Amino acid sequence: MSLREQLCEYGRRAVELGLVIGTSGNLSVREGDLVTVTPSGAALDRLTPEMCPVVDLTTGRRVAGETRPSSETPMHLAIYQTTDARAIVHTHSVFGTVVATTMTELPPVHYNALMLGGVVKVAEYATYGTPELAANVRAALEGKRAALMANHGGVTIGATLEEAFEATRLLEWLCEVYVRGLSVGKPTILTEEQLAAVVERALNPPPL
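As the structure is a computational prediction, the values presented were derived from the model and not from experiment.

### Structural notes on the overall build of the protein chain
For the protein chain, the helix and strand inventory stands at 6 helices and 9 strands. In terms of C-alpha radius of gyration, the protein chain reaches 17 Å, essentially the compact-globule figure of 17 Å for 208 residues. Taken along the three principal axes of its C-alpha coordinates, the protein chain extends 50 × 40 × 30 Å. Taking all 208 residues of the protein chain together, 45% fall into the buried category. In the protein chain, the share of contacts with a sequence separation of at least 24, taken over all contacts with a separation of at least 6, comes to 62%.

### A look at the pairing of strand β1 (residues 26-31)
The element β1 is extensively covered by neighbouring structure, given that 5 of its 6 residues are classed as buried. One ladder, built from 4 bridges, connects β1 with strand β5 (residues 87-91); its direction is antiparallel. Across the sheet, the residue bridging to Leu27 is Val89, located in β5. Pairing of β1 with strand β2 (residues 34-37), which is carried by 4 bridges, proceeds in the antiparallel orientation. Within β2, the position partnered with Ser28 by the bridge is Val37. Hairpin connection from β1 to β2: 2 residues lie between these consecutive antiparallel strands, with Gly32 at a positive phi of about 65 degrees.

### Some thoughts on a nonpolar patch on the surface
Together, Tyr111, Leu114, Val199 and Leu203 line one region of the surface with nonpolar side chains, adding up to about 370 Å² of accessible area. Residue class for Leu114 comes out partly exposed when judged on its relative accessible area of 30%.

### Concerning the packing of helix α1 (residues 3-16) against helix α5 (residues 161-184)
Here α1 crosses α5 at 15 degrees, and the two axes come no closer than 11 Å. As far as their axial angle goes, α5 and α1 are roughly parallel. As for how α1 packs across α5, the hand of that crossing is right-handed. Between α1 and α5, the contacting residues are Gln6, Leu7, Tyr10, Arg13 and Ala14 on the first element and Leu161, Glu162 and Phe165 on the second. Partitioned by chemical class, the residues of the contact of α1 with α5 number 5 nonpolar, 1 polar and 2 charged.

### A short note on the pattern of salt bridges
Summed over all chains, the structure comprises 6 salt bridges. Linking Arg145 and Glu163 is a salt bridge whose minimum nitrogen-to-oxygen distance equals 3.6 Å. Taken as a pair, Arg145 in the loop between α4 (131-140) and β8 (146-149) and Glu163 in helix α5 lie far apart in primary sequence, 18 residues in all. When its relative accessible area of 22% is taken as the criterion, Arg145 is described as partly exposed.

### Focus: the UniProt feature "domain: Class II aldolase/adducin N-terminal" (unreviewed entry) in the protein chain
UniProt's entry tags residues 5-179 with the feature "domain: Class II aldolase/adducin N-terminal" (unreviewed entry), counted in the numbering of this structure. With 34% helix and 21% strand, the stretch residues 5-179 has end C-alpha atoms that lie 34 Å from each other.

### Some remarks on the state of the cysteines
By the definition in use, this model includes 0 disulfides. No disulfide involves Cys8; its sulfur sits 4.5 Å from that of Cys52, the nearest cysteine. Residue Cys8 is classed as buried on the basis of its relative accessible area, which comes to 3%. Since its relative accessible area comes to 0%, Cys52 is described here as buried.

Reading the values: rules and limits
Residues numbered from 1 in each chain as written. Predicted model: local features only at pLDDT ≥ 70, side-chain atom pairs only at ≥ 80, totals over all residues. Heavy atoms only, no water. Helix = DSSP H or I, 4+ residues; strand = E, 2+ residues; numbered from the N terminus. Rg over C-alpha atoms; globule rule 2.2 N^0.38 Å. Buried < 20%, exposed > 50% of the residue type's maximum accessible area, 1.4 Å probe, protein only. Contact = heavy atoms within 4.5 Å. Pairing = 2+ DSSP bridges. Patch = residues over 30% accessible without salt bridge, like charges linked within 9 Å, V, L, I, M, F, W, Y side chains within 5 Å. Areas by Shrake-Rupley, 256 points an atom, 1.4 Å probe, with all protein chains shown as cover. Salt bridge = Lys/Arg side-chain N within 4 Å of Asp/Glu carboxyl O. Axes fitted to C-alpha atoms, helices over the stretch in contact; angles between N-to-C directions. Parallel < 35°, antiparallel > 145°, perpendicular 65-115°, else oblique. Left-handed = near helix turned anticlockwise from the far one by under 90°. Nonpolar A, V, L, I, M, F, W, Y, C, P; charged D, E, K, R; others polar. UniProt positions renumbered as here; feature names shortened; annotations may be inferred. Disulfide = S-S within 2.5 Å.

Dropping the structure here:
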């Protein structure tokens, strides 16, 4: 499956799972110094491969395709330039956005948060598509696989588009667990010691 076909496939999945509505959200994949990204103003479940433009990683200049790249392309490029990411998924999911509008970080309420780097930070608000937003998200992602964006949504990274998308699903699940937990009582947050014990057990499983 080509990179453009992958963007179409995961775009459809994002819509089917309710991670985006309308024309919100964007995805990209890096190959060398080129980044294939979803186009601006297009619903992710209606994409066709030829609709996805390719831009230069350094300059952001479009080198293939006829459509305008996503307005969040500067954020994608900033992330690629400062991380080992090869794919990025940005969504406006419900529970992720709820947390992003009310919290400064998502605490580890489940040990699976370790798969995203532990505590998920909320990047400071800035207007979409701006260098300021790109810088804020880049800072929140330092050492992490996911970040939330204040009053906006969330972003995840991965070595592949599948990996980045699964990180998005996990981020939304963790946000939902936290938000629903608040309706019952005060969620218990895992301590550094408890999280370290999980890492230790994963690295040194007991013999069979």
